[in-house]
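Residue strings, one per chain:
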Amino acid sequence: MSRKVKLRIWRGDAKEGKLEDVSVEANEGEVVLDVIHRVQGTQMPDLAVRWNCKAGKCGSCSMEINGKPRLACMTRMNTFAEDETITVTPLRAFPVIRDLVTDVSYNYRKAMEIPSFAAPEDLKPGEYRMAQVDVERSQEFRKCIECFLCQDTCHVIRDHEENKKSFAGPRFFIRIAELDMHPLDRLRNRKQKAQEEHGLGMCNITKCCTEVCPEHIKITDNAIIPMKERVVDVKYDPIRWLGSKIRKREGIV
Amino acid sequence: MNNDIKFSRYNFDVVVIGAGGAGLRAAVEARQAGLRVAIICKSLFGKAHTVMAEGGAAAAMGNVNDNDGWKVHFRDTMRGGKFLNNWRMAELHAKESPDRIWELETWGALFDRTKDGRISQRNFGGHEYPRLAHVGDRTGLELIRTMQQKIVSMQQSDAKEHGDAEKYLKVFAELTITEILKDGEKVSGCYGYWRESGDEVLFEAPAVVLATGGIGKSFKITSNSWEGTGDGHALALKAGSALVDMEFVQFHPTGMVWPPSVRGILVTESVRGDGGVLTNSEGKRFMFNYIPEVFKDKYADNEAEADRWYKDQENNRRPPELLPRDEVARAINSEVKAGRGSPRGGVYLDVSKRLPADEIKRRLPSMWHQFKELADVDITEQPMEVGPTCHYVMGGVKVDPDTAAAYQVPGLFAAGEVAGGMHGSNRLGGNSLSDLLVFGRRAGAGAAEYVKKLASNRPAVSDKEIARAHSHLNEPFTRDGNENPYALHDELQNVTQDLVGIIRNEKELSDALEKLESIRKRAAQVKASGGRAFNPGFHLALDLENMLLVSESIARSALARQESRGGHTRDDYPKMDANWRTINHLSKWSGKQVEIDPAKSSMLPTELIEVFEMDELKKYYTEAELAKGGN
Ligand SMILES: Cc1cc2nc3c(=O)[nH]c(=O)nc-3n(C[C@H](O)[C@H](O)[C@H](O)COP(=O)(O)OP(=O)(O)OC[C@H]3O[C@@H](n4cnc5c(N)ncnc54)[C@H](O)[C@@H]3O)c2cc1C
Ligand code: SF4
Ligand code: SF4
Ligand code: FES
């Protein structure tokens, strides 16, 4: 059940590049990454593409497919019309290294700027007690596979290199929210810092990030909006106890 | 002498090759010991194969059933491995896993919880009690992210204290190591290239920790990511160390079988742990027919009892779907061979009739996703089609259990999937993630101690070693052959899949060795076309050599072992034989081929013999061993 498909692949490096047309076989059930691999195996052995798990779990194979930020390993070929030419290009918000591979180091720099989890000082390992309902909110954000598709799509930096300095981006807003909602984290001014130091204020809630997230994390509704709402409300409740064992800090919703 | 070789030079106390669970844990430990540590990985930071792990990490915390404890975990691990395990590793693992899991919480990990707020634990094949700490079905991701963030937090403190975040801990992502360098018999560093540019890099370091993971990419159908090319196994062999028991390869019983492009992708064992049942084309729950003698008293032989177990585990035996993986994989293989498979060559795994839809989505979110998006199957309504997939290698670098020091090469350490011994002939699910933490930590500590003892007596990297590494690395560009690395990789995968797979015999294994030899000759003709910058053809050309070495090691060990045990099944020697338990196969590199050296395996010490009933031990140990008693 194989058929020929037409692909237009961006090839080049930091200096220059162009779209190249190829025609290649595609079989039933295949994803875009399979077809790119076939191009690599048969026509362009040095075609640069990142991938790792081929199961939507590692977030390596991010690229733009017909202009949309997507995981190549989770984009089925049967979502395109038979005669459609599928255009694959590198992530636009980041500098190209070669072909479909971009320099995503911006994201790792931003990760360094977010204050880490501050463990409670009075609890030894093994003594942590948290209720499932309380960890679930942070767990949603910890599903993030760091594909950086949300970063790529966010208009604040997509075409505005100059904003990168002061804007952490949606991936790191959920990181801040995750820590902020962690029942045992000790740092108390995370929302404030998100606003003042990580550029939360530059986000105007277009929700594009949520739309592209392959993990279906509700970036805007569950992280950005609640943080923005609470940032104006400077009252912070101290740690409070729920029952005798399970404690949790006042969250943000 | 090396004026014409261009490379950048770094100097560290400890170089950790690998940023999966084992590598990250090793790096944290070595840094905490005050050393300067490099972490090197082939992918971006945070993408290592460990992110794919789903089900959980086994640790006898006793949160769900307080009968659990390290002795029970130890017993299960030895049973699962058919007693070929290095008992000391299994003992350390069982004792230390709980601390390693609890420690992750202090670094920010958020495991699923019990009702009283502790870490929840789930059932898994071969584990007597619910034992796997987990986060839905993305436990590996949680481990990686937690330790990645721990490393960031250590770097943040270093930035504050020393003005340089990377003073003590530096990550080199997308860099492949191709050579271990030695000064006499001691490690002096390692050599490799940046994937992005192809530029060469020298690391001077007295201690190198291999944490390179598995070998799955040598097989056609595998659950492994592309990184699983057995680099660390090959590096250790070529550095003069040995691999132990490479014949034992785990085929996970449940990989996806359709569509073809996703064949092999894992269907987590939690599906069975949470109630999923296996049926054949006749609608029969066939696992009841495959309960081996040694497990008869632990597994239910009828559906009613098996079903009751999910509610009442005290008074019922467990369902046979939860037998160790080797048993289930062979059973599926037999059903398909007997013509009772599904149309696409698998069997059915159904959880839709066992749990309500929203419960399935909550407990198995990535599975639901995976089938929905890749196969158009809604697992809350339909059964999945599954079949065996190459998943894990039990064999690996022979190490000292306490320090993770590699056999016969001072300064070389190994931990995680690349190390051998811990799991014997078959690994229990969940025992890898805990293994990464326990032995990753021990490797980091072992390396740190070794470096401190060396003091200023550090081995030196000679120009000759650099020249050797440089010339090897450049072969894909300098030779004038015309073989295509992708095509050869494909052929290699077919040979291992067809001839060194789940069921083996002498003829096929000999055949495989001949074919591997001819592929090796052709691999020496592989030419990389294009430039040095991010060139996957070049990368594969180098990885291919490693996969060939590993495949040869597996095939030779498999040919030598004339019995069936765990992840090694011979249809010409279908029985397990206690005399073979006394032997470990060491693979060594002669410079031309892999050679197998049989070594004596050790007997349990007296205090651990007491963990078992004598009747059980009789199934595994020879009469002479038992008469002599413990070590
Ligand atoms: C789909 C799936 C699900 C699983 N689920 C579970 C589970 O639920 N529970 C469980 O216990 N186990 C599970 N396992 C097994 C477990 O995930 C692996 O055994 C384990 O993650 C291996 O970890 P590691 O640290 O040894 O190596 P890996 O995580 O494989 O990491 C290897 C690292 O080494 C680097 N590397 C390799 N070669 C080189 C080189 N030449 N130069 C530089 N860097 C190199 C790689 O880039 C990578 O960073 C699962 C496995 C799979 C495939
Ligand atoms: S909602 Fe905010 S963060 Fe998300 S894409 Fe829009 S501007 Fe960017
Ligand atoms: S939040 Fe979603 S889109 Fe953004 S990096 Fe994480 S997984 Fe990717
Ligand atoms: S390859 Fe891992 S997400 Fe696509």
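About the thresholds
- Residues numbered from 1 in each chain as written.
- Chains lettered and ligands numbered in written order.
- Predicted model: local features only at pLDDT ≥ 70, side-chain atom pairs only at ≥ 80, totals over all residues.
- Heavy atoms only, no water.
- Pairing = 2+ DSSP bridges.
- Helix = DSSP H or I, 4+ residues; strand = E, 2+ residues; numbered from the N terminus.
- Axes fitted to C-alpha atoms, helices over the stretch in contact; angles between N-to-C directions.
- Parallel < 35°, antiparallel > 145°, perpendicular 65-115°, else oblique.
- Left-handed = near helix turned anticlockwise from the far one by under 90°.
- Contact = heavy atoms within 4.5 Å.
- Nonpolar A, V, L, I, M, F, W, Y, C, P; charged D, E, K, R; others polar.
- Salt bridge = Lys/Arg side-chain N within 4 Å of Asp/Glu carboxyl O.
- Buried < 20%, exposed > 50% of the residue type's maximum accessible area, 1.4 Å probe, protein only.
- Phe/Tyr/Trp six-rings, centres within 6.5 Å; stacked < 30°, edge-to-face > 60°.
- Lys NZ or Arg CZ within 6 Å of the ring centre and 35° of its normal.
- Buried area = accessible area lost by both parts, 1.4 Å probe.
- Polar contact = N/O pair within 3.5 Å; in protein donor to acceptor, adjacent residues only side chain to side chain.

The name an unreviewed UniProt entry gives chain A is Fumarate reductase, with Actinobacteria bacterium BACL2 MAG-121220-bin52 as the organism.

**What to know about the sheet that holds strand E4 (residues 68-71) of chain A**
Residue and element names in this part refer to chain A. With respect to topology, five strands assemble into an open sheet ordered E2-E1-E5-E3-E4, the strand pairing being mixed. Each having just a single partner strand, strand E2 (17-26) and E4 make up the two edges of the open sheet. Averaged over all pairs of adjacent strands, the angle between strand axes in this sheet comes to 35°, irrespective of strand direction. Of the pairings in the sheet, the one linking strand E3 (residues 62-65) to strand E5 (residues 85-89) comprises two bridges and is antiparallel in character. Each bridged residue has a counterpart across the sheet, and for glutamate 64 the counterpart in E5 is threonine 89.

**What about the packing of helix H12 (residues 463-478) of chain B against helix H15 (residues 536-560) of chain B?**
All names here are of chain B. Close contact between H12 and H15 brings their axes to 9 Å; oriented N to C, the two are set at 125°. Viewed along their axes, H12 and H15 adopt a mutual orientation that is oblique. Of the two possible hands of crossing, H12 and H15 adopt the one that is right-handed. For the pair formed by H12 and H15, the contact residues are His472, Leu473, Glu475, Pro476 and Phe477 on the first element and Phe538, Ala541, Leu542 and Glu545 on the second. For the contact of H12 with H15, a count of residues per class yields six nonpolar, one polar and two charged.

**Comments concerning the pattern of salt bridges**
All names here are of chain B. Enumeration according to the criterion identifies 86 salt bridges over all chains in this entry. Of the charged contacts in the structure, one is a salt bridge between arginine 79 and aspartate 76, with a shortest N-O distance of 3.6 Å. Separated by three residues within a single helix, arginine 79 and aspartate 76 lie in helix H2 (residues 70-80), roughly one turn from each other. This pair shows no difference in class: arginine 79 is buried, exactly as aspartate 76 is.

**Details of the packing of aromatic side chains**
Aromatic ring pairs are defined here through the distance separating the ring centres and the angle between the ring planes. Residues and elements named next belong to chain B. Within the structure shown, the criterion is met by 22 aromatic pairs over all chains. Joined through ring pairs, the aromatic side chains of Trp70, Phe74, Phe83, Phe612, Tyr620 and Tyr621 make up one cluster. One residue, lysine 170, lies across the ring of phenylalanine 172, its end atom 5.2 Å from the ring centre. Directly above the ring of tyrosine 392 sits arginine 427, whose terminal nitrogen or CZ lies 4.1 Å from the centroid.

**A short note on the interface of chain A and chain B**
Each partner contributes to the interface: chain A provides 62 residues, whereas chain B provides 65 residues. Summing both partners gives a buried area of about 5000 Å² for chain A against chain B, and 54% of it is carried by carbon and sulfur. Linking chain A with chain B are five salt bridges. The partner of glutamate 142 of chain B in a salt bridge is arginine 142 of chain A, with the nearest N and O atoms 2.6 Å apart. Inspection of the chain A/chain B interface yields 42 residue pairs in polar contact (both at pLDDT 80 or more). Mapped onto the side of chain A that touches chain B, the elements with two or more residues apiece are helix H1 (32-42), strand E6 (96-98), helix H2 (105-113), helix H3 (132-142) and helix H6 (170-181) of chain A. By residue number, the principal contributor to the side of chain A that touches chain B is H3 of chain A, which donates six residues. The residue makeup of the side of chain A that touches chain B, split by class, is 31 nonpolar, 14 polar and 17 charged.

**Regarding unusual backbone geometry**
For residues other than glycine, phi is negative in most cases, and the peptide bonds are mostly trans. For the bond from tryptophan 258 of chain B to proline 259 of chain B, the omega torsion is -5°, close enough to zero to count as cis. Here proline 259 of chain B shows up in the loop between strand E13 (249-256) and helix H6 (270-273). For phenylalanine 148 of chain A, which is not glycine, the phi dihedral falls at a positive 65°. On the basis of relative accessible area, phenylalanine 148 of chain A is assigned to the buried category, the value being 3%. The backbone of alanine 404 of chain B shows a phi angle near 65°, a positive value even though the residue is not glycine.

**Notes on the pairing of E3 of chain A**
Residues and elements named next belong to chain A. Here E3 shows two buried faces, one formed by Ser62 and Glu64 and the other by Met63 and Ile65. Looking at chain direction, E3 and E4 are connected through four bridges and run antiparallel. Directly across from serine 62, in E4, lies its bridge partner leucine 71. In this antiparallel pair of consecutive strands, E3 and E4, the connection spans two residues, and asparagine 66 shows a positive phi of 50°.

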